[in-house]
Amino acid sequence: MNISVRNCNLWYGDFQALKNINMDISNREVTAFIGPSGCGKSTFLKILNRMNDLVDGCRITGSFHIGGVDIFDKSTDVNLLRKKVGMVFQKPNPFPMSIYDNIAFAPRTFGVRKKAELDRIVEDSLRRASIWDEVKDRLKKSALGMSGGQQQRLCIARALAANPDILLMDEPTSALDPISTGKIEALMSELKQELTIVIVTHNMQQATRIADKTAFFYLGELIEYDTTEKLFSCPTDRRTENYITGRFG
Amino acid sequence: MKSIYGFVHVREKLMRGLFLACALFSVVALATITVFLLANGLPFIAEIGLGEFFGTRWAPLSDTPAYGILSMLVASLYVTALSVLIGVGIGLLTAICLYKFCPRWLVSPIRQMVNLLSGIPSVIFGLFGMTVIVPFIRDYISPSGVGYGILSSALVLGIMILPTIVSVSLDAMQAVPGSYFEGALALGSTREQATFRVMLPAAKSGILAGVVLAVGRAIGETMAVIMVVGNSPEMPVSLFQSVRTLTANIALGATEMKGDPERALIATGVVLFVFTLLLNTSFSLLKRDKTEKDDRKSRRKGKNSTPVAPAKPGSAKEAQS
Ligand SMILES: Nc1ncnc2c1ncn2[C@@H]1O[C@H](COP(=O)(O)OP(=O)(O)O)[C@@H](O)[C@H]1O
Ligand SMILES: [Mg+2]
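Residues numbered from 1 in each chain as written. Chains lettered and ligands numbered in written order. Predicted model: local features only at pLDDT ≥ 70, side-chain atom pairs only at ≥ 80, totals over all residues. Heavy atoms only, no water.

Colleague: I'd love a proper account of the overall build of chain A, names of residues and values included.
Modeller: Helix and strand counts for chain A come out as 10 helices and 10 strands. Overall size of chain A, expressed as C-alpha extent along the three principal axes, is 55 × 45 × 30 Å. Across the 249 residues in chain A, those meeting the buried criterion constitute 53%. Of the contacts formed within chain A by residues at least 6 apart in sequence, a portion of 66% connects residues at least 24 apart. (Helix = DSSP H or I, 4+ residues; strand = E, 2+ residues; numbered from the N terminus. Buried < 20%, exposed > 50% of the residue type's maximum accessible area, 1.4 Å probe, protein only. Contact = heavy atoms within 4.5 Å.)

So, in structure tokens, the structure goes:
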């Protein structure tokens, strides 16, 4: 699914958090958002599955299309949108229920009742998130008993169970150890064969490792957006250069 | 200088003794009440025998006195169960509504009004039940034309326990991490689905603790019940029939009975006391179960885990008064 954003402005009350952003994100690629804290990366990410709808006093202008569909159109079902555009949060947030029930949550929400089919979806999603072997013997155990890295991969599996076209990840590894981080990065390279991934990251090495394209945000503006290689090897904007060479942020 | 130190030292000792005495006071009070109840109640029960004590005939002042409390025990249980059903039904839905489904500006006023409800003396609830609920049930609902009874009492008590249910459930739900709610929405759930399938189950034990508190309050309530339950010591067979609860039984007889009848009342008190004990124990078990779970969780996850739905100690006190 291609994502196309035109003239995006966003205000939290009087504070303008995003300023006239234009961006096209292509299908089956990993796109990374980088930039100093508070520059609007999460905010922009959350527009794409309309999680900003929950924020009081948040006002958005511009046009936003995913797969050609206007996501803010009145006829767009926001719940279906969120099913199609999955999200993984910074802090792993498995529900306080069994591993199985966590994964089966989205399918059940959308009406899958048959045990055999749920079993199939659960196994399939856990395999796609490469965590099946670790949890297959304790599917009925609470998800809260897993390690942080496992919890995060469980959350990825849970999102995959909704069968999304796009996966949004907001600093998914910032709370994890290097080994878990490596596992999740490997997972992303696999998943991009089948879906579009947008990831916010604080870690520039991570962006260079996994992202096809990288976007640099600064103070609510999209400063530079290019292939990862180009953006890191010869940035065109001074602010990008300063940031990636570590002079601020 | 030395004398000042000495003075400070003595004062500190005195204060500590005072604190200890105060702390012991409630222990002593509890022990005294327990001893009083058991010492007077148990011998009486033993004298007349369990069979007679849990019989259905209560006629302490007749020529052939009988001290069976079974019908009052059953009435107490009926009234309590029904009132908790009503209170939990309405209260839980109120809490859910306040949680995410009503305009923000309405939450605080509604919450405060619900809390105000908990400050109203029970005799006023009784008065209200007597002059409004009982006539209403008599005229419009009761098939037998009797307004007093289990249904009226359950309605009055249901209203009385609402504040406990609402505030404890709301606290429990608000203590559930908001990230669960976001996570559920991000998977395509509606707000209703997120609330009923994630938040409510996560708040379950906190809510249950609130229900136990409410049961305790309902079974122990006396004044309001006396005014609407009718007070005939008969075995309940209908919702619309004058019956008597254990609490009403004690209160009604307490001022005029002497001798064996009075001991019978104390024995009734023992039964009530046992119920309260059971409820309190299950409440602490619920709470301990909860804290242990949280402890285990936070030990695993490090320091930044959020406890899920602790029962507010404040609400506990308020509900047991
Ligand atoms: N819910 C909110 N209400 C008000 N301001 C917010 C809210 N969320 C974020 N902001 C502000 O918007 C700006 C961008 O935030 P965010 O998108 O979270 O930044 P980033 O993810 O790049 O660190 C910050 O200045 C932040 O303070
Ligand atoms: Mg962020």
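Read on, since the account is not over.
Colleague: An account of the site of ligand 1 is requested, with residue identities and associated values reported.
Modeller: All names here are of chain A. Around ligand 1, a shell composed of Tyr 12, Phe 15, Ala 17, Ser 37, Gly 38, Cys 39, Gly 40, Lys 41, Ser 42, Thr 43 and Val 55 is seen. At a separation of 3.3 Å, an oxygen atom of ligand 1 approaches a polar backbone atom of Cys 39. Between ligand 1 and the protein, one listed contact pairs an oxygen atom with a backbone N or O atom of Gly 40 at 3.0 Å. Protein chains bury 62% of the 560 Å² of accessible surface belonging to ligand 1 in isolation. Elements with a minimum of two residues in the shell around ligand 1: strand E2 (15-25) and helix H1 (41-47). Sorting elements by how many residues they give to the shell around ligand 1 places H1 first, with 3 residues. Per-class residue counts for the shell around ligand 1 are 5 nonpolar, 5 polar and 1 charged. (Near = heavy atom within 4 Å. Polar contact = N/O pair within 3.5 Å; in protein donor to acceptor, adjacent residues only side chain to side chain. Areas by Shrake-Rupley, 256 points an atom, 1.4 Å probe, with all protein chains shown as cover. Nonpolar A, V, L, I, M, F, W, Y, C, P; charged D, E, K, R; others polar.)

Colleague: Now, about the interface of chain A and chain B: what can you tell me, with residues and values included?
Modeller: Between chain A and chain B, the residue contacts involve 26 residues of the former and 21 residues of the latter. In total, about 2,000 Å² of surface goes out of reach between chain A and chain B, with carbon and sulfur atoms giving 61% of it. When the area that chain A buries against chain B is broken down by residue, the three leading residues are A:Leu54, A:Phe105 and A:Leu144, summing to 24%. Inspection of the region where chain A meets chain B yields 1 salt bridge. A salt bridge links A:Asp56 to B:Arg104; its shortest N-O distance comes to 2.5 Å. (Buried area = accessible area lost by both parts, 1.4 Å probe. Salt bridge = Lys/Arg side-chain N within 4 Å of Asp/Glu carboxyl O.)

Colleague: Go over a nonpolar patch on the surface, please, and point to the residues and values.
Modeller: Taken together, the side chains of B:Leu20, B:Leu24, B:Val27 and B:Val28 define a hydrophobic patch exposed on the protein surface, amounting to about 370 Å² of accessible area. Tracing the backbone shows B:Val28 in helix H1 (residues 2-48). (Patch = residues over 30% accessible without salt bridge, like charges linked within 9 Å, V, L, I, M, F, W, Y side chains within 5 Å.)

Colleague: How would you explain the side chain of B:Asn231 if you had to name every residue and give the values?
Modeller: By secondary structure assignment, the location of B:Asn231 is in the loop between helix H10 (223-229) and helix H11 (246-254). For B:Asn231, the contacting residues outside a window of four places in its chain are B:Ile226, B:Ser242, B:Val243, B:Arg244, B:Ala248 and B:Leu252.

Colleague: Give a detailed account of the sheet that holds strand E1 (residues 3-12) of chain A, specifying residues and quantitative values.
Modeller: Residues and elements named next belong to chain A. Pairing is antiparallel in the open sheet, where 4 strands are placed in the order E2-E1-E4-E5. What marks the edges here is a single partner per strand, and that holds for E2 and strand E5 (69-70). Here E1 runs beside strand E4 (residues 58-66); their pairing, made up of 8 bridges, is antiparallel. Bridge assignment links Asn 9 to a residue of E4, and that residue is Thr 61. (Pairing = 2+ DSSP bridges.)

Colleague: Please provide a residue-by-residue account of the nonpolar core, values included.
Modeller: Residue and element names in this part refer to chain A. Of all hydrophobic cores here, the largest spans 95 residues; its most connected members are Phe 33 and Phe 44. Setting aside anything within four residues of it in sequence, one finds Phe 44 in contact with Val 5, Cys 8, Leu 18, Ile 21, Met 23, Phe 33 and Phe 217. Core analysis: the next-biggest nonpolar cluster, separate from the first, contains 45 residues, Ile 131, Ile 197, Ile 223 and Leu 231 among them. (Core = buried A, V, L, I, M, F, W, Y, C linked by side-chain atoms within 4.5 Å.)

Colleague: I'd like a rundown of the pairing of strand E10 (residues 221-227) of chain A, residues and numbers included.
Modeller: All names here are of chain A. Across 6 bridges, strand E9 (residues 213-218) lies against E10 in antiparallel orientation. Each residue of the ladder has a partner; that of Thr 214, found in E10, is Asp 226. From the end of E9 to the start of E10, which pair antiparallel, there are 2 residues, and Leu 219 there has a positive phi angle of about 50 degrees.

Colleague: Run through the packing of helix H4 (residues 115-128) of chain A against helix H6 (residues 148-160) of chain A, naming residues and quoting values.
Modeller: All names here are of chain A. With their axes 8 Å apart at the nearest point, H4 and H6 run at an angle of 130 degrees to one another. When the interaxial angle is binned, H4 and H6 end up oblique. The two elements H4 and H6 cross, and the hand of that crossing is right-handed. Contacts from Ser 125, Leu 126 and Arg 128 in H4 reach Leu 154, Ala 157 and Leu 160 in H6. Residue classes in the contact of H4 with H6 are distributed as 4 nonpolar, 1 polar and 1 charged. (Axes fitted to C-alpha atoms, helices over the stretch in contact; angles between N-to-C directions. Parallel < 35°, antiparallel > 145°, perpendicular 65-115°, else oblique. Left-handed = near helix turned anticlockwise from the far one by under 90°.)

Colleague: Give me the packing of aromatic side chains: which residues, what numbers.
Modeller: Residues and elements named next belong to chain A. Applying the stated rule across the entire model yields 12 aromatic pairs over all chains. Between Phe 33 and Phe 217, the aromatic rings sit 5.0 Å apart at their centres with planes inclined by 55 degrees, giving tilted as the arrangement. On the criterion of sequence distance, the pair formed by Phe 33 in strand E3 (residues 30-34) and Phe 217 in strand E9 is long-range, its members being 184 residues apart. We classify Phe 33 as buried; its relative accessible area is 0%. Exposure remark for Phe 217: the relative accessible area of 0% places this residue in the buried category. Between the aromatic rings of Phe 216 and Tyr 218, the centroid separation amounts to 6.3 Å while the plane-to-plane angle is 15 degrees, which identifies the pairing as stacked. Taking the relative accessible area as the measure of exposure, Phe 216 reaches 0% and is therefore buried. In this structure Tyr 218 comes out as partly exposed when scored by relative accessible area, which is 23%. Each member of the aromatic cluster is reached from another via a ring pair, and the members are Phe 33, Phe 44 and Phe 217. One residue, Lys 83, lies across the ring of Phe 110, its end atom 5.4 Å from the ring centre. (Phe/Tyr/Trp six-rings, centres within 6.5 Å; stacked < 30°, edge-to-face > 60°. Lys NZ or Arg CZ within 6 Å of the ring centre and 35° of its normal.)

Colleague: Residues and numbers for the sheet that holds strand E8 (residues 196-200) of chain A, please.
Modeller: The strands that make up a sheet pair up through hydrogen bonds in the backbone, lying either parallel or antiparallel. Residues and elements named next belong to chain A. Read from one edge of the open sheet, 6 strands run E6-E7-E8-E3-E9-E10, paired in mixed fashion. On the outer flanks of this sheet lie strand E6 (85-88) and E10, each paired with one strand and no other. Taken pair by pair, the neighbouring strands of this sheet meet at an average axis angle of 15 degrees, ignoring direction.

Colleague: Which residues make up the domain arrangement of chain B, and what values do they have?
Modeller: Each assigned domain of chain B is listed with its residue range as follows: domain 1 (2-48) and domain 2 (72-254). The distance between the C-alpha centroids of domain 1 of chain B and domain 2 of chain B comes to 35 Å. (Domains from an automatic or database assignment.)

Colleague: Explain the pattern of salt bridges residue by residue, including any values.
Modeller: Scanning the model with the defined rule gives 22 salt bridges over all chains in all. Taking the shortest distance from any N to any O, the salt bridge between A:Asp119 and A:Lys115 comes out at 2.9 Å. Residue A:Asp119 and its partner A:Lys115 are located together in helix H4, separated by 4 residues, close to a single helical turn. Residue class for A:Lys115 comes out exposed when judged on its relative accessible area of 55%. Ionic pairing is found between B:Asp171 and B:Arg111, a salt bridge with its closest N-O pair at 3.0 Å. Of this pair, B:Asp171 sits in helix H6 (residues 150-174) while B:Arg111 sits in helix H4 (residues 104-119); the two residues are 60 residues apart in sequence, bridging distant segments of the chain. The structure contains a network of salt bridges with shared partners spanning B:Glu47, B:Asp260 and B:Arg263.

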